[in-house]
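# A structural walkthrough
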Amino acid sequence: MKALLYQQLTSIIAELQYPSVEVLFDKPKVEAHGDLTTNVAMMLAKSVGKNPRIVAQSIVEKLPVNDLFLSSVEIAGPGFINFRFAANYVVENAKRILLEHDSFGKSNFANNKRTNLEWVSANPTGLLHAGHGRQVLLGQVIGNLLEWTGHIVTREYYFNNAGNQMRTLAESIYIRYCQELGEDLPFLEEGYKGEYIVDIAKEIIAKKGDSLKNVGDDKSYFQKYGEEWCFKKIKKTLARLNVKHDVFYNEDTLYSTGKIKEVVEEFRKKDLVYDSEGAVWFRATSFGADKDRVIVKSTGEPTYRLPDIAYHREKFRRGFELIVDIFGADHIATIPDVLNGVKALGYDTDAVKVIIHQMVSFVNGEEIVKMSKRNAKTYTLDDLIDEVGVDAVAYFFVMRSVGTHLEFDIALAKEQSDKNPVYYLQYAHARIASILRHAAEEKFAVDLPLVMNENTDYSLLKEKEEIDLLKKLLEFPELVQNCAVSFEPHRLTTYLREVAETFHRFYHEHRVINDDKALMQARLTVCLMTKIVIANGCKILSVSCPEKM
RNA sequence: GAUCCCGUAGCUCAAUUGGAUAGAGCAACAGCCUUCUAAGCUGUAGGUUCCGCGUUCGAUUCGCGGCGGGAUCACCA
């Protein structure tokens, strides 16, 4: 609806021989200010040397006002031009919702941009804890948003199954194994203390008995078993949330194919590294950091920075035009080093978008839920899903902007009542489904093909609540785009809540099922359109839409 | 001490990315079901947007300086 208005205004500005400016629209906060507003007059006022209201007046005079397009055009405040669309125009536009149905909201905005989305990337040393949920769902929804806006998305999980932490995992399992067999061994200070380690040990005993007690230094069986066990669990948890990665990228391939070495050599050539105290240091200070960083330890093992740099270079080499990483705030320190390293290798780091989300705290009503990684009683993501359900988990983790700390109220998420925002949204969907069921019993067209064939008289839709609802629904495609380009999934939850609210108001004010058959059919169509938008939005959010509640 | 994020109603958070009178939910109060799902709707009350200065037609939003909270500052990942 914006496009036409944009065209008209641009040509009017040219006709009036004003300097050309980009015409931008906003949706006014206050309903009295119309459906759309523009500040072009104020932008032009400076260069034209006239009062903005006068400039606005000269533009407005050239705009037609009728019931086919604009029902009103007004100048307000310091020089805003406010537009209100005619009901007919809104209704005509809304038909595209039916035509596009499942695809309503999709676009090829990004023109099939090859995109890599990396997230979760937890190493297979344990289970996903509840706090991981934010990252899991953010990535899921951002991936969906990117796909809906014309990105070809490769969903990727980067992991490391070598090094210190894996040795610690093997040791931890081994000690539990021996303890379960009756040995009185002290546990590792820095070992993984979670109960799952004991579970793994018990499984190994069931399979192997005590035959591995005297393996000596070679704990590779325990390591491999532990890794596979953890990965299986992690993937199972992700699957419960419908999360599926296309690529599991093993850090080890960066070593085995020589990519790590290659990076160090190139850094050396460019004098970006130097040797000191037996280690190799990256000149982070020449990129503005407060101190240089070790990238190869004196033991010869790289620190995490080096493989991270090599990995990001590989993403570029694999042909990705957009590289999205999602990290928790606890990883914030590593990001500048990695980006600087990749830049030094000659890649455009503008193509790398790093999304950092703040941490999550859990409350159960008044009570604060503690969870520590090394604590035996870890509150896992599975526990959380068991407690509040998949839909609430999916919705709650994305409903706040990534920059703020998220307080997850378990009691609220669990509550099946009006307090819970997930139910509010799902209730609207179920309510519509119920209306459609009733209508179907009376032989009304409620399925998409039927509605499309029906001679629905859309001009019967003129009530304020009907038009408001349709306007709201028509915002959906642009909203999806905005959420995608700004990487802000929470705005989708805000929007869907508004859709539900606008629908509930419509429902309350006007009966859908009534004696006026033609009007009833038109209103059924509005219901169907609303159902489509809620369903599409929920699909992006990975939240289900029940037909009944 | 340094870097990054945050500070908005009693609580949890929005605010179309610089717009007009800062909005929702919860909590509080007052109403609405013999008719399509009351898991809903309507209304009342609640604010010096942490403080100060600056940028401009216009600041919750941008800049600088404070104050407060969180995260991170390894030859751990």
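Here, residues in each chain are numbered from 1, in the same order as that chain's written sequence. Whichever chain is written first becomes A and whichever ligand is written first becomes 1, with later ones labelled in order. Residues qualify for local features only when their pLDDT is at least 70, as the model is predicted, and side-chain atom pairs are given and counted only at 80 or more; totals for whole chains, interfaces and linings, by contrast, use all residues. By convention in this description, side-chain values take in all heavy atoms of the structure and omit both hydrogens and water.

What follows is about the pattern of salt bridges. In what follows, salt bridge is the name for a side-chain nitrogen of Lys or Arg lying within 4 Å of a carboxyl oxygen of Asp or Glu. In the structure shown here, the tally under the stated rule is 36 salt bridges. With its nearest N and O atoms 3.0 Å apart, the salt bridge here joins R317 to E314. Highlighted residues: R317 and E314, both in helix 11 (residues 305-317), separated by three residues, approximately one helical turn. Measuring nitrogen to oxygen at the nearest pair gives 3.2 Å for the salt bridge that ties E501 to R497. Of the two residues, E501 and R497 both sit in helix 20 (residues 490-509), four residues apart, roughly one turn of that helix. Strands here mean DSSP runs of E at least two residues long; helices mean DSSP runs of H or I at least four residues long; both are numbered from the N terminus.

Now for helix 7 (residues 195-208). The length a helix should cover is 1.5 Å for every residue beyond the first. A rise of 1.5 Å per residue sets the reference length of helix 7, with its 14 residues, at 20 Å; its end C-alpha atoms lie 20 Å apart and thus fit the reference within 8%. Residues are treated as being in contact if the distance between any of their heavy atoms lies within 4.5 Å. Buried residues belonging to helix 7 abut helix 6 (164-180) and helix 8 (220-240). Where helix 7 ends, the next residue or the one after it, G209, has phi of about 60°, a positive value.

On to the sheet that holds strand 10 (residues 293-296), then. Strands pair, by our definition, only if DSSP identifies at least two bridges between them. Judged by pairing direction, the sheet is antiparallel, and its three strands sit side by side in the order 8-9-10 without closing on themselves. Sheet topology places strand 8 (273-276) and strand 10 at the edges, where each strand pairs with a single neighbour. Averaged over all adjacent pairs, the angle separating strand axes in this sheet is 45°, with direction ignored. Bridge count for strand 9 (residues 279-282) against strand 10 is three bridges, and the pairing is antiparallel. Paired with F282 across the bridge in strand 10 is R293. With axes taken as lines fitted to C-alpha atoms, and helix axes fitted only over the stretch in contact, angles between N-to-C directions fall between 0 and 180 degrees.

This next bit is on the environment of L306. Within the secondary structure layout, L306 lies in helix 11. Sequence separation between L306 and F503 is 197 residues; the distance between their C-alpha atoms is 53 Å. Residues contacting L306, with those up to four places away along its chain left out, are I260, V263, V264, I295 and V296.

Our next topic: the protein's contact with RNA strand B. Here a residue counts as near a molecule or strand whenever at least one of its heavy atoms sits within 4 Å of it. Close to RNA strand B lie 65 residues; K27, Y427, R431, S434 and E488 are nearest. Sugar plus phosphate: this is where 64% of the atoms of RNA strand B within 4 Å of the protein reside. Within the contact set of RNA strand B, a base nitrogen lies 2.7 Å away from a side-chain nitrogen or oxygen of T37. At a separation of 2.9 Å, a sugar or linking oxygen of RNA strand B approaches a polar side-chain atom of R497. Under this definition, polar contacts are N or O atom pairs within 3.5 Å; protein pairs additionally need one hydrogen-donor-capable and one acceptor-capable atom, and for neighbouring residues in sequence, both atoms have to be side-chain atoms.

With that settled, the discussion passes to the sheet that holds strand 13 (residues 360-364). Sheet architecture is open: three strands sit in the order 14-13-15, paired in mixed fashion. The open sheet is flanked by strand 14 (367-369) and strand 15 (406-409), the only strands paired with a single partner. Across the sheet, the mean angle from the axis of one strand to that of its neighbour is 35°, orientation sign disregarded. Pairing geometry for strand 13 and strand 14, over three bridges, is antiparallel. Bridging from a neighbouring strand, N364 pairs with E367 of strand 14.

As a further point, take the nonpolar core. Throughout, nonpolar core names a set of buried Ala, Val, Leu, Ile, Met, Phe, Trp, Tyr and Cys residues whose side chains join them through atoms within 4.5 Å. Exposed residues in this analysis have more than 50% of their type's maximum accessible area, buried residues have under 20%, and partly exposed residues fall in between, with area computed by a 1.4 Å probe over protein chains only. Of all hydrophobic cores here, the largest spans 124 residues; its most connected members are F83, L384, F397 and F408. The greatest single-element share of this core, amounting to 13 residues, is contributed by helix 21 (residues 517-541). I260, V264, V273 and F282 belong to the second largest nonpolar core, which has 30 residues in total.

The next subject is the side chain of T237. For T237, the location among the structural elements is in helix 8. Among all residues touching T237, those that are not within four sequence positions of it are L128, L381, D382 and I385.

This paragraph deals with the packing of aromatic side chains. Each aromatic pair joins two rings of Phe, Tyr and Trp (for Trp, the six-membered one) with centres within 6.5 Å, and gets the label stacked for planes under 30 degrees apart, edge-to-face for over 60, and tilted for any other angle. Summed over the entire model, instances satisfying the criterion amount to 31 aromatic pairs. For the pair Y157 and F231, a centre-to-centre distance of 5.7 Å together with 55° between the ring planes defines the contact as tilted. Separated by 74 residues along the polypeptide, Y157 in strand 6 (residues 151-159) and F231 in helix 8 bring together distant segments of the chain. Note on accessibility: Y157 and F231 belong to one class, buried. Ring geometry for F231 versus F248: centroids 5.9 Å apart, planes at 85°, classification edge-to-face. On the criterion of sequence distance, the pair formed by F231 in helix 8 and F248 in strand 7 (residues 247-250) is long-range, its members being 17 residues apart. We classify F248 as partly exposed; its relative accessible area is 29%. Joined through ring pairs, the aromatic side chains of Y174, Y177, Y221, F222 and Y225 make up one cluster. The criterion is that NZ of a Lys, or CZ of an Arg, lies within 6 Å of the ring centre and within 35 degrees of the ring normal, and then a charge sits over that ring. Above the face of the F248 ring, K235 is positioned so that its terminal group lies 4.3 Å from the ring centre.

Here we come to the packing of helix 6 against helix 8. Axis separation between helix 6 and helix 8 bottoms out at 8 Å; the angle between their running directions is 100°. With respect to helix 8, the element helix 6 is oriented roughly perpendicular. Where helix 6 abuts helix 8, its residues M166, R167, L169, A170, I173, Y174 and Y177 lie against F222, Q223, G226 and E227. The class makeup of the residues in the contact of helix 6 with helix 8 is seven nonpolar, two polar and two charged. Here the angle decides the label: under 35 degrees means roughly parallel, over 145 means roughly antiparallel, 65 to 115 means roughly perpendicular, and every other value means oblique. Gly counts as polar in this scheme, as do all residues outside two lists: the nonpolar Ala, Val, Leu, Ile, Met, Phe, Trp, Tyr, Cys and Pro, and the charged Asp, Glu, Lys and Arg.

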